Amino acid sequence: MAHQDYTIAIIGPHDLVSGFRALGVEVFNADSSEEALKIITDLKKQTVSEDRAGAYGVVFVIDFLINGIPDDEYQKVTAGALPSIIAIPGLNGDKEAGTRKLRQLTEKAIGSDILSNE
């Protein structure tokens, strides 16, 4: 079995994500949810292609960009194991964005919302 190396990416406004280059993270600039969705879709296509050249294991996305992606589109780009799409807070981030998406993914995977406080 061949060893597969995966790349880590981050998507967000230039001023928030550019510093991640120093950590070896591939940076993609997006200022709107539409731009972020297009980038995520392209990264997903690269990852699931037959040759998997440039495959991505984890894609971090600034939370306000994730929040603006319609749920049906978000479900499409997060289907499958890779890449793992993870919301991270921006400077004035919505601390609940990641929790909401995690709750949706958990409910999809096991059929129940086990993260609910109710």
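Please read all numbers here as calculations on a predicted model, not as lab measurements. (Residues numbered from 1 in each chain as written. Predicted model: local features only at pLDDT ≥ 70, side-chain atom pairs only at ≥ 80, totals over all residues. Heavy atoms only, no water.)

## Comments concerning the environment of leucine 82
Here is step 1 of the chain: By the element assignment, leucine 82 lies in the loop between helix 4 (71-78) and strand 4 (84-88).
Here is step 2 of the chain: Between the C-alpha atom of leucine 82 and that of valine 48, which follows or precedes it by 34 residues, the distance is 7.8 Å.
Here is step 3 of the chain: Excluding anything up to four places from it in sequence, leucine 82 contacts Tyr6, Lys44, Thr47, Val48, Tyr56 and Gly57. (Helix = DSSP H or I, 4+ residues; strand = E, 2+ residues; numbered from the N terminus. Contact = heavy atoms within 4.5 Å.)

## Structural notes on the confidence of the model for the chain
Here is step 1 of the chain: Put simply, the chain has an average pLDDT of 80, and 69% of its residues get 70 or more.
Here is step 2 of the chain: Mean pLDDT across the secondary structure elements of the chain bottoms out at helix 5 (residues 97-110), with 61, and peaks at strand 2 (residues 26-29), with 95. (pLDDT = per-residue confidence, 0-100.)

## Focus: the pairing of strand 3 (residues 56-62)
Here is step 1 of the chain: In terms of burial, strand 3 is largely enclosed, as five of its seven residues are buried.
Here is step 2 of the chain: Note that strand 1 (residues 7-12) and strand 3 share five bridges and pair parallel. When the sheet's bridge partners are listed, isoleucine 8 is paired in strand 3 with valine 58.
Here is step 3 of the chain: Here strand 3 pairs with strand 4 via five bridges, running parallel. Within strand 4, the position partnered with isoleucine 62 by the bridge is isoleucine 88. (Buried < 20%, exposed > 50% of the residue type's maximum accessible area, 1.4 Å probe, protein only. Pairing = 2+ DSSP bridges.)

## Structural notes on helix 2 (residues 33-48)
Here is step 1 of the chain: With 16 residues, helix 2 extends 22 Å from end C-alpha to end C-alpha; this agrees with the ideal 22 Å at 1.5 Å per step.
Here is step 2 of the chain: Ser33, Ala36, Leu37, Ile39, Ile40, Leu43, Lys44 and Thr47 are the residues of helix 2 that are buried. Looking straight down helix 2, one finds its buried side chains confined to an arc of 165°; they lie on one side. When the buried face of helix 2 is taken as reference, the exposed residues oriented beyond 90 degrees from it are Glu34, Lys38 and Lys45. (Expected span 1.5 Å × (residues − 1). Arc of directions from axis to C-beta.)

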